[in-house]
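Chain by chain, the residues run as shown.
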Amino acid sequence: RDMSIVGVLRGLTVVLGLIALEHVPVSFVETIKATAPAFTVIFAKLILKERTAGPVMLTLIPVVAGLILWSASELRFDTIGFVAAVMNNCADCVQNVMSKRMLTHLKPTQLQFYTSVAALALQAPFVLRDATGLIRKWAHPMDMEDVLEITVPEDEDGSMHEGMSLTKLLIIDAIFYHLQSVSAYCTMGCMSPVSQSVANTLKRSLLVWASILYFGNPVTNSGIV
C-alpha cells in the first residue's frame, strides 16, 4: 500500500513539475520548492510523528518570507504554474517522508525500483495511448522521421543546443533523474526528512541563479534579495 502511494506521488511530482515549468520560469519553480523544509516539518509531524525543534522552525521563516517576496515581484507570474509548483512541492515532501519510513525495511535501490514500477503503472494508460500514435507513425516512415529528428531551437550563438535531438535530451534527462533519485534515497537513509530538505535548499538557490544566468530571465531587485 505504501509503495503504491509513493509510486503515485512519484508520478504526480514529475507531471506537476513539468506543468509548472511549462507556465513559469525555472527560477520561480525552484524558489517555490525552496519552501520544502516548512512543508516537510508539517508532514513529518503528521506521518512520522516526528517533532521538530523550535530553533529549526524559526530558521524556516526567512525561506517562506523569500517566497512571498519573490512571488510578488515575479515578472512572469502565472496562476496555473504557481498552483502546479506548490502541489508538486507538497507531493514531493509527502513522498520523501513516506520513503524515509520505508527505508527501514528496504534498500535505496529496492525502493527506487518498486516506486518506479508503481509510477509506470500510473502512466500505463498514457503510454498505451501514445503507442497507438507511434504505430501509425511507423506505418508512415516519413512522418516517423520527422518525429525522431525534432530538434531543440538553437540559441543565438548556435552553441549548446545545436543538433541535439529531443530523443537525446530525453535519454540524458532520464539518466540524471535516476541518479538523482537513487542518491536522494541513499542520503535519506542517513538523516531525517527535515534535515535533507534543509540541505536541499542550497541546491534550490544554486538552481535559481543558474537558470537566471542560462535562460536570461528578467529579475527584480526584490527578487534578488
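A short tour of the structure in this document, coming up. (Residues numbered from 1 in each chain as written. Predicted model: local features only at pLDDT ≥ 70, side-chain atom pairs only at ≥ 80, totals over all residues. Heavy atoms only, no water.)

1. Considerations on the overall build of the chain
Quick reminder of the rule: Under the DSSP-based scheme used, a helix requires at least four consecutive residues in state H or I and a strand at least two consecutive residues in state E, with every element numbered from the N terminus. For this analysis, residues touch if any pair of their heavy atoms sits within 4.5 Å. Exposure was quantified through the Shrake-Rupley algorithm and a 1.4 Å probe, taking into account, for residues, occlusion by the shown protein chains and nothing else.
Check the secondary structure of the chain and you find 11 helices and 0 strands. Listed by position from the N terminus, the elements making up the chain come as α-α-α-α-α-α-α-α-α-α-α. A fraction of 81% describes how many contacts in the chain between residues 6 or more apart in sequence connect residues 24 or more apart. When the accessible area of the chain is evaluated, it comes to approximately 13700 Å², of which 69% is carbon and sulfur surface.

2. Considerations on the packing of helix α1 (residues 2-23) against helix α9 (residues 166-188)
Operational definition: To define axes, lines are fitted to C-alpha atoms, for helices over the stretch in contact only, and angles between the resulting N-to-C directions are given on a 0 to 180 degree scale. The cut-offs work like this: below 35 degrees is roughly parallel, past 145 is roughly antiparallel, 65 to 115 is roughly perpendicular, and the gaps in between are oblique. Left-handed describes a crossing whose near helix is turned anticlockwise from the far helix through less than a right angle; right-handed describes the clockwise counterpart. Three categories are distinguished: nonpolar for Ala, Val, Leu, Ile, Met, Phe, Trp, Tyr, Cys and Pro, charged for Asp, Glu, Lys and Arg, and polar for the others, with Gly belonging to the last.
Across the interface, α1 lies against α9 with an axial gap of 14 Å and an inter-helix angle of 135 degrees. The orientation of α1 relative to α9 falls into the category oblique. Seen along the crossing, α1 lies across α9 with a hand that is right-handed. Here α1 contributes V6, R10 and V14 to the contact with α9, which in turn contributes Y177, S181 and Y185. Here the residues of the contact of α1 with α9 are counted per class, giving 4 nonpolar, 1 polar and 1 charged.

Purely spatial values, then, with no claim about function.
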